[in-house]
Amino acid sequence: MNSTSSLTHFDAQGQAHMVDVGAKAATHRIAVAKGRIEMLPATWGLIASGTAKKGDVLGIARIAGIQGAKKTSDLIPLCHPLALTRVAVDFEMIESPTPCVVCTVTAETVGPTGVEMEALTAVQVALLTIYDMCKAADRGMTISGVKLLEKQGGKSGHWVGET
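Criteria and cut-off values
Residues numbered from 1 in each chain as written. Predicted model: local features only at pLDDT ≥ 70, side-chain atom pairs only at ≥ 80, totals over all residues. Heavy atoms only, no water. Helix = DSSP H or I, 4+ residues; strand = E, 2+ residues; numbered from the N terminus. Buried < 20%, exposed > 50% of the residue type's maximum accessible area, 1.4 Å probe, protein only. Contact = heavy atoms within 4.5 Å. Core = buried A, V, L, I, M, F, W, Y, C linked by side-chain atoms within 4.5 Å. Patch = residues over 30% accessible without salt bridge, like charges linked within 9 Å, V, L, I, M, F, W, Y side chains within 5 Å. Areas by Shrake-Rupley, 256 points an atom, 1.4 Å probe, with all protein chains shown as cover. Salt bridge = Lys/Arg side-chain N within 4 Å of Asp/Glu carboxyl O. Pairing = 2+ DSSP bridges. Axes fitted to C-alpha atoms, helices over the stretch in contact; angles between N-to-C directions. Expected span 1.5 Å × (residues − 1).

A. Looking closely at the overall build of the protein. Along the protein, the regular secondary structure elements total four helices and five strands. When the helices and strands of the protein are listed from N to C terminus, the series reads β-α-α-α-β-β-α-β-β. Counting the 163 residues in the protein, one finds 38% classified as buried. Pairs at least 24 residues apart make up 69% of the contacts formed inside the protein by residues separated by at least 6 positions.

B. Inspection of the nonpolar core at higher detail. Core analysis: the biggest nonpolar cluster contains 29 residues, and Met 39, Ile 47, Phe 91, Val 101, Cys 103, Val 105 and Ile 130 have the highest contact counts within it. For this core, the secondary structure elements donating two or more residues are β1 (27–38), α1 (41–49), α2 (57–70), β2 (84–94), β3 (100–111) and α4 (116–134). It is α4 that provides the largest number of residues to this core, a total of eight residues. Contact partners of Val 101, with chain neighbours within four places excluded, come to Gly 35, Arg 36, Ile 37, Met 39, Ile 47, Leu 58, Phe 91, Glu 92, Met 93, Leu 127 and Ile 130.

C. Molecular detail of a nonpolar patch on the surface. Side chains of Leu 75, Ile 76 and Met 117 sit close together on the surface and give an oily, nonpolar patch of about 240 Å² of accessible area. With respect to the helices, strands and loops of the structure, Leu 75 is situated in helix α3 (residues 72–75). Here Leu 75 falls in the exposed class, since its relative accessible area comes to 54%.

D. Fine view of the sheet that holds β3. The strand order β2-β3-β1-β4-β5 describes an open sheet built from five strands, whose pairing is antiparallel. With one partner strand each, in any of the chains shown, β2 and β5 (159–160) form the two edges of the open sheet. One ladder, built from ten bridges, connects β2 with β3; its direction is antiparallel. Within β3, the residue paired with Glu 92 across the bridge is Val 102. Against the sheet, α1 contacts β2 and β3, and its axis sits at roughly 125 degrees relative to β2.

E. Geometry of α2. With 14 residues, α2 extends 20 Å from end C-alpha to end C-alpha; this agrees with the ideal 20 Å at 1.5 Å per step. The set of residues buried in α2 consists of Val 57, Leu 58, Gly 59, Ala 61, Ala 64, Gly 65, Gly 68 and Ala 69. Packing partners of the buried residues in α2 comprise α1, α3, β2, β3 and α4.

F. Examining the pattern of salt bridges more closely. Throughout the structure, instances matching the rule amount to four salt bridges. In this structure, Arg 36 and Glu 38 form a salt bridge, with 3.3 Å as the shortest nitrogen-oxygen distance. In this structure, Lys 71 and Asp 74 form a salt bridge, with 3.8 Å as the shortest nitrogen-oxygen distance.

This is the structure in structure tokens:
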């Protein structure tokens, strides 16, 4: 059996291609992804207090995450451009035991293909924006745990991963 046979972005000859979704039904599709950025306690304090030099870190990161979702097909070569109907970017400030910001993104569309890549891209871009805005105070921040939590819609139905 060809190892690429179960991968939809490869044809029978193993060549990369964009999947044809033209015959798939347009359904309401939702994806939820999350990730975290760990930092020094002082950096966490700057974000929590809103006193970072570059301004409202989480407000800017929220807009960046939304923009990242919208630009996903420009970044991922075989990803279809989607008409997103909703992108929600939420943050949770966790102070202990390790100071971090957890980002959760919900992306939605009505169409023939899912929004998992948009949700995952939005999380990464939001977390990278936090890094960019706070790197002068803490270059040792660590982004981790980026994963899909849930997807709904389409032929494969509802999927829930480990939280």
